[in-house]
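So you can see what is in the structure, the chains are spelled out below.
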Amino acid sequence: MLDKIGIAKRIAQELKDRYFVNLGIGIPTLVANYIPQGIDVEFQSENGVLGMGPFPFEGEEDADIINAGKQTITTLPGASFFDSALSFGMIRGQHVDLTILGAMEVAENGDIANWKIPGKMVKGMGGAMDLVASAENIIVAMMHVNKKGESKILKKCSLPLTGVGCVKKIVTELAVLEVTPKGFKLLERAPGVTVEHIIASTEAELIIEGDIPEMVID
Amino acid sequence: MINKKVNSVQEALQGVENGMTIMLGGFGLCGIPENSIAELVKKETNNLTCISNNAGVDDFGLGLLLQKKQIKKMVSSYVGENAEFERQMLSGELDVELIPQGTLAERCRSAQAGIPAFYTPAGYGTEVAEGKEVREFNGKMHIMEHAFNADFAIVKAWKGDTAGNLIFKGTARNFNPCMAGAAKITVAEVEELVEAGTLDPNQIHIPGIFVQRIFQGELYEKRIEQRTVRQK
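Calculation notes
Residues numbered from 1 in each chain as written. Chains lettered and ligands numbered in written order. Predicted model: local features only at pLDDT ≥ 70, side-chain atom pairs only at ≥ 80, totals over all residues. Heavy atoms only, no water. Helix = DSSP H or I, 4+ residues; strand = E, 2+ residues; numbered from the N terminus. Buried < 20%, exposed > 50% of the residue type's maximum accessible area, 1.4 Å probe, protein only. Contact = heavy atoms within 4.5 Å. Lys, Arg positive; Asp, Glu negative; His and termini not counted. Charge placed at Lys NZ, Arg CZ, Asp CG, Glu CD. Phe/Tyr/Trp six-rings, centres within 6.5 Å; stacked < 30°, edge-to-face > 60°. Lys NZ or Arg CZ within 6 Å of the ring centre and 35° of its normal. Polar contact = N/O pair within 3.5 Å; in protein donor to acceptor, adjacent residues only side chain to side chain. Pairing = 2+ DSSP bridges. Axes fitted to C-alpha atoms, helices over the stretch in contact; angles between N-to-C directions. Buried area = accessible area lost by both parts, 1.4 Å probe. Salt bridge = Lys/Arg side-chain N within 4 Å of Asp/Glu carboxyl O.

Q: Quick one: what's the story with the overall build of chain B, residue by residue and with numbers?
A: Across its full length, chain B holds 6 helices and 11 strands. Its C-alpha atoms give chain B principal-axis dimensions of about 50 × 50 × 40 Å. Across the 232 residues that make up chain B, the buried fraction comes to 57%. Sequence-distant contacts, at least 24 apart, represent 72% of the contacts inside chain B between residues at least 6 apart. Of the charged side chains in chain B, 25 are positive and 29 negative; the average position of the first set lies 4 Å away from that of the second.

As structure tokens, this is what we get:
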């Protein structure tokens, strides 16, 4: 089973040379720490920065330079700042190659829910609806089951949707799943996790073809 | 040169009245018009509709106006950092319109640019699309969104000049340039106000035509919401 860092490391393997990538809050933010050797990627943050770098050294934080999670950050050579309309122009205009974000639920048709639990929690969608409606490639980082042990990988989302038919791939603590026109296809197992365990933890049907390889995580 | 300089935040916010719709720049606590928010608290202007990406935190930013119950309605994209906000919203005291962040930015920009409405794919198939016109373009579904109609836009810039020209710094830019000129009156507060002619015209982010009143703010706290660092 993977921890959050493991999920981030596995998703980092999906990064390709010359990709512009938007990272959501939470596990996706960690992906930036595990960029594969030998490739160049640039991170976009929707609050208005391209070429985001690591956190600043202590004492060098600048309140005017943050990411979309409101964390203090630095910029790398070649970085740029811009306003929110231009930022979402980059996103809607599909200039950003890959979006990695978290979810509360994903359905087998690629629907995603991550912004509201009616009557209980309303944080808002932030930029997630714009991102999922426009990005060509969307990978979700999430836990396979909730704290009660119930599956968050569903036939149909129960929570208000963030976007429809948009998720392409999911990486959880248990598995890598691909969203296909026929439903979820099990691609990989987390280290030490059996196919049976994944089936038992997934409400949706899984397409399982042949032996399912174990993820390779450094 | 048309002089936009006013001498105080009080003068800048003259005409802001109960029940008005006000746009305020900022992302989280980054790039918010601190002086103007403090003045609105002091003025006790109430029944406000505030258009701002976030709602501050409990004791800073727009959270200060929420504490005093001066806000009737919030139009935002993300409000997760404010417990008092969530309480007022879930209890029904506060009317809230949550809209996708890119749509929020574009509704500001449209108001600034004289575009009454536009189509975006954001929110299609979700509750955000309820009651809105849906149209297919190039095989993809879109919903129609309208430009905002606000009484005041209050923006914060790093530097400005007496002609109202603005330069922003870092990610404190965010919604501020989109809101300048997007309301009947735009007020800009800046950290440093200089005479017209001092700033390089090549470096201006927002031309003074979008700004009616400009003043130099004081004592910027610039609170950091999430201080994240790494070790040397």
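Q: How would you sum up the packing of aromatic side chains? Please name residues and give values.
A: Counted under the stated rule, the structure contains 1 aromatic pair over all chains. Against the face of B:Tyr220 rests B:Lys156, its NZ or CZ located 5.0 Å from the ring centre. Between B:Arg230 and the ring centre of A:Phe57, over which it is positioned, the NZ or CZ distance is 4.0 Å.

Q: Outline the side chain of B:Thr228, supporting the account with residue identities and numerical values.
A: For B:Thr228, the location among the structural elements is in the segment after strand 11 (213-216). Apart from residues no more than four positions distant in its own chain, B:Thr228 is found in contact with A:Phe55, A:Pro56, A:Gln71 and A:Thr72.

Q: Requested: an account of the environment of B:Glu39, with residues and values cited.
A: Residue and element names in this part refer to chain B. Mapped onto the elements, Glu 39 comes out in helix 2 (residues 34-43). The class for Glu 39 is buried, based on a relative accessible area of 8%. In this structure, the C-alpha to C-alpha distance between Glu 39 and Gly 63, residues 24 residues apart in sequence, is 14 Å. Setting aside residues no more than four positions away along its own chain, Glu 39 makes contact with Val 9, Gln 10 and Leu 13. At 3.4 Å, the side chain of Glu 39 and the side chain of Gln 10 are in polar contact.

Q: Tell me about the sheet that holds strand 7 (residues 112-113) of chain A, and please be specific about residues and values.
A: Within a sheet, adjacent strands bond to each other through the backbone by hydrogen bonds, running parallel or antiparallel. Residues and elements named next belong to chain A. Read from one edge to the other, the open sheet built from 3 strands follows the order 7-6-11, with strand pairing classed as mixed. Either end of the sheet is taken by a strand with one partner, and the two such strands are strand 7 and strand 11 (153-154). Pairing geometry for strand 6 (residues 105-107) and strand 7, over 2 bridges, is antiparallel. Bridge pairing in strand 7 places Glu 105 opposite Ala 113.

Q: Before we move on, could you go through the sheet that holds strand 5 (residues 117-120) of chain B and cite the residues and values that matter?
A: Residue and element names in this part refer to chain B. Sheet architecture is open: 3 strands sit in the order 5-7-6, paired in antiparallel fashion. On the outer flanks of this sheet lie strand 5 and strand 6 (134-137), each paired with one strand and no other. Within the sheet, the average angular offset between the axes of one strand and its neighbour, ignoring direction, is 40°. Bridging between strand 5 and strand 7 (residues 140-146) involves 4 bridges; their strand directions are antiparallel. Looking across to strand 7, one finds that Phe 118 is bridged to Glu 145.

Q: Can you lay out the interface of chain A and chain B for me, pointing to particular residues and giving the numbers?
A: Counting residues at the interface gives 50 residues for chain A, matched by 51 residues for chain B. In this assembly, chain A packs against chain B so that about 4,300 Å² is buried in total across both faces, 59% of it on carbon and sulfur atoms. The three residues of chain A that bury the most area against chain B are A:Asp64, A:Lys70 and A:Lys123, which together make up 18% of that side's buried surface. Connecting chain A to chain B are 6 salt bridges. B:Glu127 serves as the salt-bridge partner of A:Lys116, at 2.6 Å between the closest nitrogen and oxygen. Among the secondary structure elements, those contributing two or more residues to the side of chain A that touches chain B are helix 3 (84-92), strand 9 (121-122) and helix 4 (128-134) of chain A.

Q: Now, about the pattern of salt bridges: what can you tell me, with residues and values included?
A: Counted according to the given criterion, the structure contains 24 salt bridges over all chains. Salt-bridge contacts for A:Glu14 lead to A:Arg10; the nearest nitrogen and oxygen are separated by 2.9 Å. Both residues of the pair, A:Glu14 and A:Arg10, belong to the buried class. Note that A:Arg189 is salt-bridged to A:Glu214, the shortest N-O span being 3.6 Å. Taken together, the residues A:Arg189 in strand 14 (residues 183-189) and A:Glu214 in the segment after strand 15 (206-207) connect sequence positions 25 residues apart. Here the salt bridges share partners, and the residues they tie into one network are A:Asp62, A:Asp64, B:Lys156, B:Lys169, B:Glu191 and B:Lys222.

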